[in-house]
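Coordinate analysis (summary)
Each chain is listed here by its residues.
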Amino acid sequence: MIYVVDVNQMSFAFVAGSERHASEIAGSPGFVQALDRFFLNRQGAKCRNHRPRAATVQEFALFNDMSSEFADATADVLVARVG
């Protein structure tokens with residue numbers, strides 16, 4: 001299933017097998033560091049408490065488009081900005 005974390009009025013989607021797994025990913029140090037780096041030149045992530053939610057139909061479609069483009073990527077988790 002596709003899950004989304006909303007941070008600073010932006011939405012970031014990723015795949016997880018369950019809501020529990022999505023929460024583990026969103027709370028992991030690597031995920032937090034990646035978002036912090038993304039927001040480094042902005043106002044700051046303010047995202048220490050990620051609460052993933054199921055993707056909307058539109059977010060799901062955007063994520064699928066992005067993931068098909070990066071299908072050969074070797075990353076364990078693809079995080080795509082969908083909003």
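This is a predicted model, so every value here is computed, not measured.

**Digging into the packing of aromatic side chains**
If you walk through the whole model with that rule in mind, you get 1 aromatic pair. Where Phe 14 meets Phe 31, the ring centres are 5.4 Å apart and the plane angle is 65°; that geometry is what we call edge-to-face. A residue pair is termed long-range when its members are at least 10 positions apart, and Phe 14 in strand β2 (residues 10-15) and Phe 31 in helix α2 (residues 29-38) qualify at 17 residues. The buried category is assigned to Phe 14, whose relative accessible area is 0%.

**Points about the nonpolar core**
Judged by nonpolar contacts, the single largest core of 13 residues is most densely connected at Val 5, Val 7, Phe 12, Phe 14, Ala 16 and Phe 31. Elements with a contribution of two residues or more to this core: β1 (2-7), β2, α1 (19-27) and α2. If we skip the residues at most four places from it in the chain, Phe 12 touches Tyr 3, Val 4, Val 5, Val 7, Leu 35, Phe 38, Phe 39, Val 79, Ala 80 and Arg 81.

Parameters at a glance
Residues numbered from 1 in each chain as written. Predicted model: local features only at pLDDT ≥ 70, side-chain atom pairs only at ≥ 80, totals over all residues. Heavy atoms only, no water. Phe/Tyr/Trp six-rings, centres within 6.5 Å; stacked < 30°, edge-to-face > 60°. Helix = DSSP H or I, 4+ residues; strand = E, 2+ residues; numbered from the N terminus. Buried < 20%, exposed > 50% of the residue type's maximum accessible area, 1.4 Å probe, protein only. Core = buried A, V, L, I, M, F, W, Y, C linked by side-chain atoms within 4.5 Å. Contact = heavy atoms within 4.5 Å.

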